[in-house]
Amino acid sequence: MPKVSYNRILDEHLHTLVAQGNHEALERLKQRYHYHSLALCHDLLNNYQKTGVSVAELMAVCEGIFVHIVEKYDPSQSTFFSFWKENTMHRMMDYLVDNSYKPDSTDINGNISLDQEFEDKHSISDYIHEVDEDREKKRKLFEIKNIIAQNDDVFTKQEAALLNLVLSGYTIADLEHGGVMSRSALYLTFKTATEKLQKLVRKAKGNKF
């Protein structure tokens, strides 16, 4: 029979006390997991750099969900640490998906709707869907934005900006009407950018998608 660690025993002891209404035990458990949360935030932001999200923001997410995790934890199903980490990571990823890589331009509105010629030519369009509430689609969009940010040396500033605008919901027609570039420049820049992005997505696909 595997040896139970001291940390697991302490977590479960504190959780039992919390369930009995012991406020001091809850504060002690929070303090223990403050350091776990800090490490988790740094690890996540190391994997998803340039998101524009701070450690302080993610720490607030961790703190906001902690009491809920304590209430929902079932000692018969897993260790507290495992349950905490899984649920906290899920909530932090949701926060990153909803709050990362915001475009600088806010004067154009629209939905993602690529022209048919690009639908036919670029498999990257498989990942660029109409934005809706589907969490999996939003997660894929986030992962693609992360690939762009992590490989900013691959793209020109115009290419990266155009990709991020399209991924954030703007159409080529929106950008043309907004005077961002001429129509021909937009299509040429988008074509070049998606070809580069497609290669990067293929490289990352086995790990991310």
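In this text, all values refer to a predicted model and were calculated from it rather than measured experimentally. (Residues numbered from 1 in each chain as written. Predicted model: local features only at pLDDT ≥ 70, side-chain atom pairs only at ≥ 80, totals over all residues. Heavy atoms only, no water.)

(A) Broad picture of the overall build of the protein. When helices and strands are tallied, the protein shows nine helices and zero strands. Reading the protein from its N end, one meets helices and strands in the order α-α-α-α-α-α-α-α-α. A burial count over the protein gives 41% of its 209 residues as buried. For the protein, restricting intrachain contacts to residue pairs at least 6 apart in sequence, the fraction spanning at least 24 positions comes to 68%. Accessible surface computed for the protein: about 12200 Å², of which carbon and sulfur atoms make up 48%. (Helix = DSSP H or I, 4+ residues; strand = E, 2+ residues; numbered from the N terminus. Buried < 20%, exposed > 50% of the residue type's maximum accessible area, 1.4 Å probe, protein only. Contact = heavy atoms within 4.5 Å. Areas by Shrake-Rupley, 256 points an atom, 1.4 Å probe, with all protein chains shown as cover.)

(B) Local environment of the packing of aromatic side chains. Counted according to the given criterion, the structure contains nine aromatic pairs. Ring plane angle 40° and centroid distance 6.0 Å describe the contact between Tyr33 and Phe66, whose orientation is recorded as tilted. Placement of Tyr33 in helix α2 (residues 23-47) and of Phe66 in helix α3 (residues 55-72) is noted, with a sequence separation of 33 residues between them. You'll find Tyr33 and Phe66 in the same group, each marked buried. Of the aromatic side chains, those joined through ring pairs into one cluster are Tyr33, Phe66, Tyr73, Phe80, Phe81, Phe83 and Trp84. (Phe/Tyr/Trp six-rings, centres within 6.5 Å; stacked < 30°, edge-to-face > 60°.)

(C) Molecular detail of the packing of helix α6 (residues 135-150) against helix α7 (residues 157-167). One can describe the packing of α6 onto α7 by two numbers: an axis separation of 11 Å at closest approach and a directional angle of 170°. As the angle between them shows, α6 and α7 are arranged roughly antiparallel. Across the interface between the two elements, Leu141, Ile144, Lys145 and Ile148 from α6 touch Ala160, Leu163, Asn164 and Leu167 from α7. Class assignment of the residues belonging to the contact of α6 with α7 gives a composition of six nonpolar, one polar and one charged. (Axes fitted to C-alpha atoms, helices over the stretch in contact; angles between N-to-C directions. Parallel < 35°, antiparallel > 145°, perpendicular 65-115°, else oblique. Nonpolar A, V, L, I, M, F, W, Y, C, P; charged D, E, K, R; others polar.)

(D) The arrangement of the pattern of salt bridges in detail. Taken as a whole and assessed by the stated rule, the structure comprises eight salt bridges. For Lys138, the salt bridge is made with Asp98, and the minimal N-O distance between the two is 2.9 Å. Remark: Asp98 occurs in helix α4 (residues 80-99) and Lys138 occurs in helix α6; sequence separation between them is 40 residues. A relative accessible area of 18% places Lys138 in the buried class. A salt bridge links Lys196 to Glu159; its shortest N-O distance comes to 2.8 Å. (Salt bridge = Lys/Arg side-chain N within 4 Å of Asp/Glu carboxyl O.)

(E) Quick look at the packing of α2 against α3. Running from N to C, α2 and α3 point in directions that differ by 135°, and their axes come no closer than 9 Å. By the angle between their directions, the pair α2 and α3 is classed as oblique. By crossing handedness, the relation of α2 to α3 is classed as right-handed. Contact residues: α2 offers Leu26, Leu29, Lys30, Tyr33, His34, Ser37, Leu38, Cys41, His42, Leu44 and Leu45, while α3 offers Val55, Leu58, Met59, Cys62, Glu63, Phe66, Val67 and Val70. Within the contact of α2 with α3, the residues separate by chemical class into 14 nonpolar, three polar and two charged. (Left-handed = near helix turned anticlockwise from the far one by under 90°.)

(F) Inspection of the confidence of the model for the protein at higher detail. Summary statistics for the protein give a mean pLDDT of 79 and a share of 79% for residues scoring 70 or more. Predicted confidence for residues 104-132 stays below pLDDT 50, and this span has 65 contacts to residues more than four positions away or in other chains. (pLDDT = per-residue confidence, 0-100.)

(G) Focus on α6. Spanning 16 residues, α6 covers 22 Å between terminal C-alpha atoms, matching the ideal 22 Å at 1.5 Å per step. Restricting attention to buried positions, one finds in α6 the residues Lys138, Leu141, Phe142, Glu143, Ile144, Lys145, Asn146, Ile147, Ile148 and Ala149. (Expected span 1.5 Å × (residues − 1).)

(H) Fine view of the environment of Phe155. Its place among the elements puts Phe155 in the loop between α6 and α7. A relative accessible area of 6% places Phe155 in the buried class. In this structure the C-alpha to C-alpha distance between Phe155 and Leu197, which are 42 residues apart in sequence, comes to 8.7 Å. Residues within four places of Phe155 in sequence aside, it is in contact with Ile148, Ala160, Leu163, Ala193, Lys196, Leu197 and Leu200.

(I) Spatial organisation of unusual backbone geometry. Residue Lys50 is not a glycine yet carries a positive backbone phi of 65°. Position of Lys50 among the secondary structure elements: in the loop between α2 and α3.

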